[in-house]
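# Residue-level structure breakdown
Listed below, chain by chain, are the residues.
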Amino acid sequence: VQLQASGGGLVQPGGSLRLSCKSAGINFKIHTMNWYRQAPGKQRELVASISSGASTDYADSVKGRFTISRDNVRNTLYLQMNSLKPEDTGVYFCNTEYKLRPYWGQGTLVTVSS
């Protein structure tokens, strides 16, 4: 199973970024996919999830600003992040579970700063 995240970068407060996570080695369309993030000095936290049926769930801190989506043809997960705040800074990881084992992408760094 391979998950490759991309799209991070430096953005000013109020700006937007779109993260992507390309998957391989799994039947992507049947798996719940997740985005986590880890801020400096903090534990990794779940940001958003999307089920195989495209039901979504968000952490309270990002509701109304972030949108998770998936493209089952391209086997790719997305996270559209709008109205970014400095507290959104961190490394963002895509994640799924396969045969009861978690798999993680390599992470992509998002820095929100003026």
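So, a few notes on the structure that sits alongside this text. (Residues numbered from 1 in each chain as written. Predicted model: local features only at pLDDT ≥ 70, side-chain atom pairs only at ≥ 80, totals over all residues. Heavy atoms only, no water.)

### Here's the deal with the overall build of the chain
Applicable threshold: What counts as a helix is a DSSP run of H or I of at least four residues, what counts as a strand is a run of E of at least two, and both are numbered from the N terminus. When we talk radius of gyration, it's over C-alpha atoms, and the globule rule is simply 2.2 Å times the number of residues to the 0.38. Each residue is assigned to one of three classes by its accessible area relative to the maximum for its type, calculated with a 1.4 Å probe on protein chains only: buried under 20%, partly exposed between the two thresholds, exposed over 50%. Positive charges come from Lys and Arg, negative ones from Asp and Glu, while His and the chain ends are left out of the count. Where a charge sits is defined by one atom per residue type, namely NZ (Lys), CZ (Arg), CG (Asp) or CD (Glu).
Helices and strands together make up the secondary structure of the chain, namely zero helices and eleven strands. Listed N to C, the secondary structure of the chain is β-β-β-β-β-β-β-β-β-β-β in terms of helices and strands. Whereas a compact globule of 114 residues would reach a radius of gyration of roughly 13 Å, the chain reaches 13 Å, a difference of no more than 12%. Expressed as a percentage of the 114 residues in the chain, the buried residues total 44%. Taking the average place of the 13 positive charges on the side chains of the chain and the average place of its 7 negative ones, the gap between the two points comes to 8 Å.

### Topic: the pairing of strand β11 (residues 108-112)
Using the following cut-off: Only strands joined by at least two bridges in the DSSP assignment are considered to pair.
Burial along β11 is one-sided: the residues Thr108, Val110 and Val112 are buried and none of Leu109 and Thr111 is. Here strand β2 (residues 9-11) runs beside β11; their pairing, made up of three bridges, is parallel. Within the sheet, the bridge partner assigned to Val11 lies in β11 and is Val112.

### Thoughts on unusual backbone geometry
Positive phi is not limited to glycine here, since Ser83 has a value of about 50°. The partly exposed category is assigned to Ser83, whose relative accessible area is 40%. The phi angle at Lys99 is positive, at roughly 50°, despite the residue not being glycine. Along the chain, the position of Lys99 falls in the loop between β9 (90-98) and β10 (101-104).

### So, the state of the cysteines
Let me state the cut-off plainly: Here, the term disulfide refers to a pair of cysteine sulfur atoms separated by no more than 2.5 Å.
Per the stated rule, a full pass over the model turns up one disulfide. The partner cysteine of Cys21 in its disulfide is Cys94, sulfur to sulfur 2.1 Å. Classification of the bridge connecting Cys21 and Cys94 rests on its S-S torsion, roughly 70°, and on that basis the disulfide is right-handed. With Cys21 in strand β3 (residues 17-24) and Cys94 in strand β9, this residue pair connects regions lying 73 residues apart in the sequence. Of the two residues, Cys21 and Cys94, neither departs from the other in class, the shared state being buried.

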